[in-house]
Amino acid sequence: MYKIPLADLKNIILESKKITPRDLEEKIKLKINELSGLISEEGAAHIIANELSISVVRAVNSKLKIKEIYAGMRNLVTVGKVLRKFDVREFAKGESTGKVCSVVLGDETGTIRVVFWNDQVARLDKVQEGDILLLKDVYAKENNASKEIHVGERTEITINPEGETIAQVRQSSNFQRSKISELTEGSEGTEILGTIVQIFDPRFFYVCPNCSKRANETEGQFQCAEHGTVQPVVSYVLNVILDDGTGTIRSTFWKNQTNHLLGKDEQEILRYKDNVALFEDMKTELLGEQLKVMGRIKKNDLFDRLELNVQLVEKANPEEELARLEQK
Ligand SMILES: [Zn+2]
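Residues numbered from 1 in each chain as written. Predicted model: local features only at pLDDT ≥ 70, side-chain atom pairs only at ≥ 80, totals over all residues.

Student: Describe the domain arrangement of the protein, and please don't skip the residues or the numbers.
Tutor: It is common to report an interface's size as the accessible area lost on association of the parts. Its domain assignment divides the protein into domain 1 (6–51), domain 2 (63–159) and domain 3 (176–327). The C-alpha-based centres of domain 2 and domain 3 are spaced at 22 Å. At the junction of the two partners, domain 2 supplies nine residues and domain 3 supplies eleven residues. Its residues assigned to classes, the side of domain 2 that touches domain 3 comprises three nonpolar, one polar and five charged. (Domains from an automatic or database assignment. Contact = placed C-beta atoms within 7 Å. Nonpolar A, V, L, I, M, F, W, Y, C, P; charged D, E, K, R; others polar.)

As structure tokens, then:
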């Protein structure tokens, strides 16, 4: 069974006009009683939908809007605009290492993260933010209470398919606003509103063009652990300290997020590589800037402190922040 949130399930049933809201609530209670409480409200709603011959999910072969995607669906087809492309992240798993990269797709109904693992990561090479992706044969999973699409070997990807447009994107966020003083290790999906109080110079390094893993220089040649001798490409990372009044946190911006933070493209940023003095102006400009950053909290064991691995960055929007305060 797909994991459809109860509220959605009820809406789908009510949209059929086969039952009134009041009768539906009544029937759900009856079902639960009938089955001596052995089912949840969701379970009861599914049984009622079934009894009324209401299909709660659209036929799998049809193209689904993002809000119609539920964890547990397989072989699904969807289309969306790439709102963000994250940097490739490497991880260790026992003896071996793996890598993962993801993008955020959006359509008129919402946004969803699409995850590419290991060999699939290379399929994102030609994908840029703003592209439209048509994905065929992907599956949906739940991760940290939000749904994700995963790309498999059989997935077909079409970049900017003819005739597909996404007029407007409905922004939805799964990030939880937190105070810096209350952060805990390992929490995913953390959002912080903080002011830049310190900026370090960007650091540049070489990566393998095939897999984006670090390429190490030995005797004038660059080696990738997986691809051997390679012609490397330059990548970079930028660290800033954010302060939200309750504490400070070192925040790491990898390449794509550095581009977003500085509002510059790769070519412009590479100029700082040979002349880091040029970066001083940028520092002046950014110090005191208030940011909304979203990402994952990790522990830096060496320095025994928590750090933020930034996945999304936006300039803080004062109106939005005021509205948030008023809500409380
Ligand atoms: Zn490589």
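Student: Quick rundown of the nonpolar core? Include the residues and the values.
Tutor: Counting residues in each nonpolar core, the largest one holds 32 residues, and the members touching the most others are Ala45, Ile69, Val103 and Leu105. When contributions to this core are tallied by element, the ones reaching two or more residues are helix 1 (6–15), helix 3 (41–51), strand 2 (76–85), strand 4 (96–107), strand 5 (110–117) and strand 6 (132–143). Viewed by domain, this core spans two of them, domain 1 (6–51) and domain 2 (63–159), each represented by three or more residues. Beyond its immediate chain neighbours, meaning those up to four positions away, leucine 105 contacts Ile66, Gly80, Lys81, Val82, Thr111, Ile112, Val114 and Leu133. One finds Ile180, Ile192, Ile199 and Leu242 within the second-largest nonpolar core, a separate group that totals 16 residues. (Core = buried A, V, L, I, M, F, W, Y, C linked by C-beta atoms within 7 Å. Buried ≥ 20, exposed ≤ 12 C-beta atoms within 10 Å, placed from the backbone. Helix = DSSP H or I, 4+ residues; strand = E, 2+ residues; numbered from the N terminus.)

Student: Outline the environment of isoleucine 157, listing residues and values.
Tutor: As for its position among the elements, isoleucine 157 is in strand 8 (residues 156–159). Accessibility expressed as a C-beta count within 10 Å gives 19 for isoleucine 157, which makes it partly exposed. Leaving out residues up to four positions away in the same chain, isoleucine 157 has contacts with Arg123, Leu133 and Leu135.

Student: Tell me about the pairing of strand 7 (residues 146–150), and please be specific about residues and values.
Tutor: Burial of the side chains of strand 7 is restricted to one face: Lys147 and Ile149 are buried, whereas none of Ser146, Glu148 and His150 on the reverse face is. Note that strand 5 and strand 7 share three bridges and pair parallel. By the bridge assignment, valine 114 is partnered in strand 7 with isoleucine 149. Sheet analysis places strand 6 next to strand 7, joined by five bridges and oriented antiparallel. When the sheet's bridge partners are listed, asparagine 143 is paired in strand 7 with serine 146. (Pairing = 2+ DSSP bridges.)

Student: Got a sec to walk through the confidence of the model for the protein? Specific residues and values, please.
Tutor: For the protein, per-residue confidence averages 89 on the pLDDT scale, and 97% of positions sit at 70 or higher. Across the protein, the element-wise mean pLDDT spans from 79 in helix 7 (residues 318–327) up to 96 in strand 16 (residues 248–254). (pLDDT = per-residue confidence, 0-100.)

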